[in-house]
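Examination of the molecular architecture
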Amino acid sequence: MPSRQFIYDILVKEFGEKQAVQIIDDSPLIGYLYQKTKSIGKSSKARPSFANLYALYVLIEDYINKGYLDESMDYSSYDGAMFSALFQRQRELPFGEKLQNHALNNRCNDEFRKFFNQITDETPIIRNLRTLKYWINEKLLFFEYEGNKLNLAKSVIEIIDKYIYLKKESFNSFIDDCVDLRSNFEKRKDSVIKFVKSQLNPSTDARTFEIVSFVIVKYFYEGKFILFGEDKNSLKRFPIKLFKTGRTNANDGGIDFVMKPFGRFFQVTEVIDFKKYFLDIDKLNKFPISFVVKTNHKPKEVMEIIFEKAVHEYKDKDIVKKYIDCFEEIITLPTLFEYLDEIIRKNKLAVMLEELIIQAKVEFFISD
């Protein structure tokens with residue numbers, strides 16, 4: 001179901017067809033929800049966006065619970081919701097357990113400005129840094145239609161609830177498919193290969209791609225060793241192991257995978273935007289990173305694109321070289337297909353599928 005369709009259906013139920021069309025077209029708040037829920041019904045190059053949506057959700061929920069849907073109540077006199085209570089409520093919502101505080105503090109407002117700064121000067125979240133109190137911007141909740149003031153608060157909550165439901169349905173379906181393929185694995189080996197390969201394309205959901213790419217890279221290196229020692233007489237074999245460092249929606253701004261004993265960092269991304277890569281490198285004080293990129297381009301082609309755009313932006317080639325030198329490796333979809341072929345040849349497909357189920361359940365909060 002496309003994002004616009006389920007948003008429209010909810011608004012029709014609440015306000016009627018004509019009003020629903022007008023609200024979708026002209027309400028910045030509903031327009032923002034549309035932007036943040038576009039992954040429903042088609043491929044997404046973005047993360048699920050729970051953080052910013054939940055920042056709105058908990059504030060509007062507080063608005064409703066405090067009785068401000070009643071027109072006789074004056075929200076401007078409300079002393080505000082405490083940050084600690086809002087933050088705790090965010091983490092109680094599905095997929096919200098590991099969320100950070102960035103959305104409530106600035107990210108939601110910053111992104112809203114990016115989309116709608118030509119339309120309105122308003123932002124959704126109002127906060128008092130001294131008292132740590134927060135409010136939803138009531139001006140964005142109201143929509144004028146033929147002289148009537150419509151309050152969108154209940155509809156916003158319902159839209160986000162529906163988005164969560166559809167996302168959970170999609171994730172559960174992925175896990176169910178994995179579990180189903182695990183049964184009678186030997187007889188269904190070809191189906192397992194087809195299923196895993198189907199996840200390696202540019203239209204795959206971002207969270208699913210991160211999980212699948214992690215498992216493939218992990219089992220490509222499984223069983224490989226590196227020799228370390230102070231000299232050639234003290235060399236010891238150390239297994240190469242890959243670890244996932246967090247969940248995809250944690251908004252920790254960090255690294256997605258870490259490889260021992262090398263200390264290699266991996267970052268998963270969906271775009272070929274050199275500024276995004278350079279920002280990741282800056283976060284680690286120009287420590288080398290391996291990027292896993294959801295693209296059909298070969299690694300060499302991605303590197304050429306990044307270099308050409310960076311040189312065009314930065315005239316100083318020494319600056320560009322410092323960043324380019326931090327690209328330890330680029331892994332793209334063709335690379336992952338090669339890794340998967342080796343995993344199949346080495347008869348590791350069954351254990352890889354088992355790992356995929358474990359990682360998916362952890363990612364989607366079905367287990368720890």
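What you see is a predicted model, and the numbers here were worked out from it, not measured in a lab.

Points about the sheet that holds strand S3 (residues 133-136)
Read across the open sheet, the three strands follow the order S1-S3-S2; overall the sheet is antiparallel. Each end of this open sheet is capped by a strand with a single partner; those strands are strand S1 (81-82) and strand S2 (125-128). By the bridge criterion, four bridges tie S2 to S3 in an arrangement that is antiparallel. Bridge pairing links Asn 128 to Lys 133 in S3.

Quick word on the environment of Phe 291
For Phe 291, the location among the structural elements is in strand S11 (residues 289-293). We classify Phe 291 as buried; its relative accessible area is 0%. Between the C-alpha atoms of Phe 291 and Phe 265, which are 26 residues apart in sequence, the distance is 8.5 Å. When neighbours within four sequence positions are excluded, Phe 291 is seen to be in contact with Gln 267, Tyr 277, Asp 280, Ile 281, Phe 327, Glu 329, Ile 330 and Ile 331.

So, the environment of Arg 4
Take Arg 4: it is sitting in helix H1 (residues 3-15). The class for Arg 4 is partly exposed, based on a relative accessible area of 39%. Remark: the alpha-carbon pair of Arg 4 and Tyr 339, spanning 335 residues in sequence, is separated by 38 Å. Setting aside chain neighbours within four positions, we find Arg 4 in contact with Ile 24, Asp 25 and Tyr 34.

Describing unusual backbone geometry
Note the cis peptide between Lys 260 and Pro 261, where omega equals 5 degrees. Tracing the backbone through its elements, the reader meets Pro 261 in the loop between strand S9 (257-260) and strand S10 (264-269). Even without being a glycine, Leu 132 presents a positive backbone phi close to 60 degrees. By the secondary structure assignment, Leu 132 is in the loop between S2 and S3. Judged by its relative accessible area of 42%, Leu 132 falls in the partly exposed class. At Asn 285, a position not held by glycine, the phi torsion is positive, near 55 degrees. Along the chain, Asn 285 falls in the loop between helix H11 (274-283) and S11.

Looking at the pattern of salt bridges
In total, this model carries 23 salt bridges according to the counting rule given. Two residues, Lys 36 and Glu 111, come together in a salt bridge whose shortest N-O distance is 2.7 Å. Within this pair, whereas Lys 36 is found in helix H3 (residues 28-36), its partner Glu 111 is found in helix H6 (residues 102-116), the two being separated by 75 residues in sequence. One exposure class covers both Lys 36 and Glu 111, and it is buried. Notably, a salt bridge pairs Lys 283 with Asp 280, separated by 3.8 Å at the nearest N-O pair. Taken together, the positions of Lys 283 and Asp 280, both in helix H11 and three residues apart, correspond to about one turn of that helix. One network of salt bridges, with partners in common, ties together Glu 61, Arg 89 and Glu 92.

Topic: the packing of helix H9 (residues 189-198) against helix H14 (residues 333-345)
At a closest axis distance of 11 Å, the pairing of H9 and H14 adopts a crossing angle of 160 degrees. One way to sum up the angle between H9 and H14 is to call them roughly antiparallel. Note on packing geometry: the crossing formed by H9 with H14 is right-handed. Contacts from Ile 193, Val 196 and Lys 197 of H9 reach H14 at Phe 337, Leu 340, Asp 341 and Ile 344. Taken together, the residues of the contact of H9 with H14 sort by class into five nonpolar, no polar and two charged.

Observations concerning the sheet that holds S9
Pairing between the strands of a sheet comes from backbone hydrogen bonds, and it takes one of two forms, parallel or antiparallel. Taking strand neighbours across the sheet as the criterion, the five strands line up as S8-S9-S10-S11-S12 in an open arrangement whose pairing is mixed. Strands at the two margins of the open sheet, each flanked by one partner only, are strand S8 (241-244) and strand S12 (327-331). For this sheet the average axis-to-axis angle between neighbouring strands, irrespective of direction, equals 25 degrees. Here S8 runs beside S9; their pairing, made up of four bridges, is antiparallel. Within S9, the residue paired with Phe 243 across the bridge is Val 258. This element, H14, spans S11 and S12 of the sheet and lies at about 75 degrees to S12.

Focus: the packing of aromatic side chains
By the definition in use, this model includes 30 aromatic pairs. Judged by centre distance (5.1 Å) and plane angle (85 degrees), the ring pair of Phe 220 and Tyr 221 falls under edge-to-face. One aromatic cluster in this structure is built from Phe 274, Tyr 277, Phe 278, Phe 291, Tyr 314, Tyr 323 and Phe 327. Directly above the aromatic system of Phe 142 lies the positively charged group of Lys 149, at a separation of 4.8 Å from the ring centroid.

Digging into helix H12 (residues 299-313)
For the α-helix, the turn length of 3.6 residues means that residues three or four positions removed from each other point alike. The terminal C-alpha atoms of H12, which comprises 15 residues, lie 21 Å apart, in line with the 21 Å expected from a rise of 1.5 Å per residue. All of the buried residues along H12 are Val 302, Ile 306 and Ala 310. End-on view of H12: buried residues confined to an arc of 60 degrees, all on one side of the axis. Counted as exposed and oriented over 90 degrees from the buried face of H12: Lys 300, Glu 308 and His 312. On its buried side, H12 packs onto H11, helix H13 (317-324) and S12.

Cut-offs and rules
Residues numbered from 1 in each chain as written. Predicted model: local features only at pLDDT ≥ 70, side-chain atom pairs only at ≥ 80, totals over all residues. Heavy atoms only, no water. Pairing = 2+ DSSP bridges. Helix = DSSP H or I, 4+ residues; strand = E, 2+ residues; numbered from the N terminus. Buried < 20%, exposed > 50% of the residue type's maximum accessible area, 1.4 Å probe, protein only. Contact = heavy atoms within 4.5 Å. Salt bridge = Lys/Arg side-chain N within 4 Å of Asp/Glu carboxyl O. Axes fitted to C-alpha atoms, helices over the stretch in contact; angles between N-to-C directions. Parallel < 35°, antiparallel > 145°, perpendicular 65-115°, else oblique. Left-handed = near helix turned anticlockwise from the far one by under 90°. Nonpolar A, V, L, I, M, F, W, Y, C, P; charged D, E, K, R; others polar. Phe/Tyr/Trp six-rings, centres within 6.5 Å; stacked < 30°, edge-to-face > 60°. Lys NZ or Arg CZ within 6 Å of the ring centre and 35° of its normal. Expected span 1.5 Å × (residues − 1). Arc of directions from axis to C-beta.

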